[in-house]
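# Secondary and tertiary structure notes
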Amino acid sequence: MVFAALSLALALSGCATTAAADDPTAALSNAEIRTRTVENGDTIEEYRVAGQLRAVKITPARGPVYYLVDENGDGRLDTSKGEGTVSPVYFKLFSW
């Protein structure tokens, strides 16, 4: 019985630590956050470090939260190779 409780506690603590790893805004220190809500109910949070746009977190009225990230620090949201002008979108599907 003690072994089962210990196993469950370890499993839950592992799940709690992986949720923060999926958030690309967690690594941004001293970020200025600008939040706005658009007409359809979506919330947009812009993360700026030293005046440069580093990440955007979009929380739709319906659906999962997703992120647009500036990978190389040039102030523009990056596009994936081979996908044209479409910015990469990171969906957070599960969290505890």
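Keep in mind that this is a model prediction, so the values were computed, not measured.

## Looking at the overall build of the chain
Across its full length, the chain holds 1 helix and 5 strands. The N-to-C order of helical and strand elements in the chain reads α-β-β-β-β-β. In the chain, which comprises 96 residues, the proportion classed as buried is 21%. Sequence-distant contacts in the chain: of pairs separated by 6 or more residues, those separated by 24 or more amount to 16%. When the accessible surface of the chain is totalled, it reaches about 7,000 Å², and 57% of it is carbon and sulfur.

## Re a nonpolar patch on the surface
On the surface, a nonpolar cluster with roughly 480 Å² of combined accessible area is contributed by Leu 93, Phe 94 and Trp 96. Secondary-structure assignment places Phe 94 in the segment after strand 5 (90-91). Taking relative accessible area as the criterion, Phe 94 reaches 62% and is therefore assigned exposed.

## What about the environment of Val 69?
Along the chain, Val 69 turns up in strand 4 (residues 66-69). Taking the C-alpha atoms as reference points, Val 69 and Thr 25, separated by 44 residues in sequence, lie 8.6 Å from one another.

## Considerations on the nonpolar core
Membership of the largest hydrophobic core is limited to 5 residues, which are Ile 44, Leu 53, Val 56, Ile 58 and Leu 68. By residue number, the principal contributor to this core is strand 3 (residues 52-59), which donates 3 residues.

## Describing unusual backbone geometry
Across the chain, the bulk of peptide bonds are trans and the bulk of non-glycine residues have phi less than zero. The residue Asn 30 is not glycine, and still its phi comes out positive at about 55°. Topologically, Asn 30 is positioned in the loop between helix 1 (2-21) and strand 1 (32-37). Here Ala 50, not a glycine, exhibits a phi torsion of approximately 55°, which is positive. By relative accessible area, which is 82% here, Ala 50 ends up exposed.

## Concerning the side chain of Glu 45
The residue Glu 45 is located in strand 2 (residues 43-49) in this model. Salt bridges are absent for the buried Glu 45, whose nearest opposite-charge side chain, Lys 57, sits at 4.5 Å. Polar side-chain contacts of Glu 45 include one of 2.9 Å to the side chain of Tyr 47.

Definitions and limits used
Residues numbered from 1 in each chain as written. Predicted model: local features only at pLDDT ≥ 70, side-chain atom pairs only at ≥ 80, totals over all residues. Heavy atoms only, no water. Helix = DSSP H or I, 4+ residues; strand = E, 2+ residues; numbered from the N terminus. Buried < 20%, exposed > 50% of the residue type's maximum accessible area, 1.4 Å probe, protein only. Contact = heavy atoms within 4.5 Å. Areas by Shrake-Rupley, 256 points an atom, 1.4 Å probe, with all protein chains shown as cover. Patch = residues over 30% accessible without salt bridge, like charges linked within 9 Å, V, L, I, M, F, W, Y side chains within 5 Å. Salt bridge = Lys/Arg side-chain N within 4 Å of Asp/Glu carboxyl O. Core = buried A, V, L, I, M, F, W, Y, C linked by side-chain atoms within 4.5 Å. Lys, Arg positive; Asp, Glu negative; His and termini not counted. Polar contact = N/O pair within 3.5 Å; in protein donor to acceptor, adjacent residues only side chain to side chain.

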